[in-house]
Each structure stands twice: as C-alpha cells, then as structure tokens.
Amino acid sequence: MIVRILNEGQFRLSDEALASLNSFDDDVEQAVNADDQAALTTVLHALLDDVRARGERVPDDALADSDLILPDAEATVADVRAWLSDSEEGLIPD
C-alpha cells in the first residue's frame, strides 16, 4: 500500500504496518472532537513518525498512485475535522 503524507511524499507500507496505524485513529478523533490542537499535533507527529519508520520511501520521481493520504503534522483541527467528515472510516481505513 502506498501512503502519501501531504507536503512530504509517499511511503510503501506492508499490510501489517498499515494495520498498526489504526491505533492512531481513535486518538485523532478524540483530539478533533475535543477541539484540542495540541493533542492533535502530538498524535499526528506520532502517526507520521510511525509511517516513516515502518515504510519505505517511494522516490519522488516514481509515479505511484496513493492508496491513502494523510495530513501533514501541522494540520489544524478544522482541517482534520473536514477530512474526517469526508470519511466514514477515520483517517486510516480498516
């Protein structure tokens, strides 16, 4: 699976690595529901660090469609709230 981090690039993740990302979904939703920017920023940094650690960077010159797109670590609560409103599965699909 190819995961894109906005404003950063793409990473190839195994199914197991992708499954591990689901643990961040609840924390993202809780931060958004609480309108807690600090908590959201913390969880986004942790989520994106996990993608970078578990994934293999896709070269910038490679053409690959993204299966999943994640906001960057500086996304606002409003940004992520809008993102979540477009999805029934949170940031990370099951």
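Please read these numbers as outputs of a predicted model, since none were measured by experiment.

Caption draft 1: Looking closely at the pattern of salt bridges. Throughout the structure, instances matching the rule amount to 5 salt bridges. Across the salt bridge formed by Arg54 and Asp50, the nearest N and O atoms sit 3.0 Å from each other. Here Arg54 and its partner Asp50 are both found in helix H3 (residues 37–54), 4 residues apart, which amounts to about one turn of the helix. On the basis of relative accessible area, Asp50 is assigned to the buried category, the value being 16%. Among the salt bridges present, the one from Arg57 reaches Asp60, with a minimum N-O distance of 3.4 Å. Residue classification places Arg57 among the partly exposed positions, given a relative accessible area of 37%. Among the charged side chains, a salt-bridge network with shared partners connects Glu8, Asp49 and Arg52.

Caption draft 2: Local environment of the environment of Asn33. Here Asn33 shows up in helix H2 (residues 23–33). In the structure, Asn33 is positioned 48 residues away from Arg81 in sequence and 8.2 Å away in space, judged by C-alpha atoms.

Scoring rules and cut-offs
Counting starts from 1 at the beginning of each chain's written sequence and moves along it residue by residue. A pLDDT threshold of at least 70 governs which residues receive local features in this predicted model, and a stricter bar of 80 or more applies before side-chain atom pairs are shown or counted, although totals over entire chains, interfaces and linings include all residues. Side-chain figures throughout are based on the complete set of non-hydrogen atoms in the structure, without hydrogens or water. Salt-bridge detection follows one rule: a side-chain nitrogen of Lys or Arg within 4 Å of a carboxyl oxygen of Asp or Glu. Secondary structure elements are taken from DSSP: a helix is a run of H or I of four residues or more, a strand is a run of E of two residues or more, and numbering for both begins at the N terminus. Buried residues are those whose accessible area, probed at 1.4 Å on protein chains only, stays under 20% of the maximum for their type, while exposed residues exceed 50% and partly exposed ones sit between those limits.

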